[in-house]
Amino acid sequence: DFQKEMSNMQLFADMYCHRRGVSPDVKVVVPELIPQLSTRHMIIMEWIEGTKLTDICMSCDNDQSSSEVEENLALVKEAIEMTLSQLLTTGLVHSDPHTGNLLKVKRPSTTNGKKKNKPELG
């Protein structure tokens, strides 16, 4: 029965979602649950495009590959800090943090009126 899991997903999003979460320490891209399509036996949620933090462009030149590794390591560090915040501050913890659930996503952000893609955890 996925009713409890859907409830926990909604609670996690309410706390940590970059769009509406109330946590001052943790802001991540959380897929939106689609309750009108979900049932006790199936959960339907928004699809999030992203890349695994373990995926590195092996065909890229060394500078580009090195830059990607640094970016991914910074996101891994951020994920560790977020997990500690979940454990120590709120007590609400994502308990399935495998590489399929932790993605690097590009979310548009604005700096000085210019849009740029900012890597985020999703």
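For the structure itself, consult the block above.
The rules behind each value
- One numbering rule holds for all chains: residues counted from 1, following each sequence as written.
- The model is predicted, so local features are restricted to residues of pLDDT at least 70 and side-chain atom pairs to those at 80 or more, both for listing and for counting; the totals for chains, interfaces and linings are taken over all residues.
- By convention in this description, side-chain values take in all heavy atoms of the structure and omit both hydrogens and water.
- Secondary structure elements follow DSSP: runs of H or I no shorter than four residues count as helices, runs of E no shorter than two count as strands, and numbering proceeds from the N terminus.
- Relative accessibility under 20% of the residue-type maximum defines a buried residue, over 50% an exposed one, and the middle range a partly exposed one, all with a 1.4 Å probe and only protein chains included.
- Residues are treated as being in contact if the distance between any of their heavy atoms lies within 4.5 Å.
- Like charges within 9 Å and nonpolar side chains (Val, Leu, Ile, Met, Phe, Trp, Tyr) within 5 Å are joined into patches, using only residues over 30% in relative accessible area that form no salt bridge.
- Residue exposure ignores everything except the shown protein chains as possible cover, and the areas themselves are Shrake-Rupley values with a 1.4 Å probe.
- Salt bridges, as used here, are contacts in which a Lys or Arg side-chain nitrogen is within 4 Å of a carboxyl oxygen on Asp or Glu.
- Helix span, as expected, comes to 1.5 Å for every residue beyond the first.
- Here the arc refers to the directions that run from the helix axis out to each C-beta atom.
- Nine residue types can take part in a nonpolar core, namely buried Ala, Val, Leu, Ile, Met, Phe, Trp, Tyr and Cys, and a core is a set of them joined through side-chain atoms within 4.5 Å.

(A) Focus on the overall build of the chain. The secondary structure content of the chain amounts to two helices and three strands. When the helices and strands of the chain are read in sequence order from the N terminus, they spell out α-β-α-β-β. Of all 122 residues assigned to the chain, the portion counted as buried reaches 28%. Taking contacts inside the chain between residues at least 6 apart in sequence as the whole, the part at least 24 apart equals 44%.

(B) Broad picture of the side chain of N72. Within the element layout of this structure, N72 appears in helix α2 (residues 62-90). Residues within four places of N72 in sequence aside, it is in contact with K52, L53, D55, I56 and K104.

(C) The environment of D14, seen in detail. Here D14 lies in helix α1 (residues 3-16). Here the alpha-carbon distance between D14 and V30, two residues 16 residues apart in the chain, equals 9.5 Å. Setting aside chain neighbours within four positions, we find D14 in contact with R20, G21 and V22.

(D) How the structure looks around a nonpolar patch on the surface. A contiguous nonpolar surface patch, about 540 Å² in accessible area, is contributed by V76, I80, L84, L87, L88 and V93. Examined against the element boundaries, V93 turns out to sit in the loop between α2 and β2 (103-111).

(E) Looking closely at α1. Over its 14 residues, α1 runs 20 Å from end to end, which matches the ideal 20 Å to within 8%, given 1.5 Å per residue. Where α1 is concerned, the buried positions are M6, M9, F12, A13 and Y16. Within α1, the buried residues cover an arc of 120° as seen down the axis, which keeps them to one side.

(F) Structural context of the side chain of Q86. Tracing the chain through its elements places Q86 in helix α2. Not counting residues up to four positions away in its chain, the partners in contact with Q86 are F12, Y16, V26, G91, L92, V93 and H94.

(G) Geometry of the nonpolar core. Within the largest apolar cluster, nine residues are counted, these being F12, A13, Y16, C17, V26, V28, V30, M82 and L92. Among the elements that take part in this core, α1 stands out by supplying three residues, more than any other. Residue contacts for V30: discarding those within four places in its chain leaves F12, A13, Y16, C17, H18, R19 and E46.

(H) Representation of the pattern of salt bridges. The final tally for this structure, using the stated rule, is seven salt bridges. A salt bridge links E46 to R19; the nearest nitrogen and oxygen atoms lie 3.2 Å apart. Placement of the pair is E46 in the loop between α1 and β1 (51-52) and R19 in the loop between α1 and β1, with a sequence separation of 27 residues. Taking relative accessible area as the criterion, E46 reaches 28% and is therefore assigned partly exposed. Three or more residues are tied together by salt bridges with common partners; here these are D14, R19, R20, E32 and E46.

(I) Expanded view of the environment of H41. Checked against the element boundaries, H41 lands in the loop between α1 and β1. You can call H41 exposed: its relative accessible area is 61%. Considering only alpha carbons, one finds H41 and Q3, 38 residues apart in sequence, at a separation of 8.4 Å.

Keep in mind that these numbers describe shape and distance, not what the molecule does.
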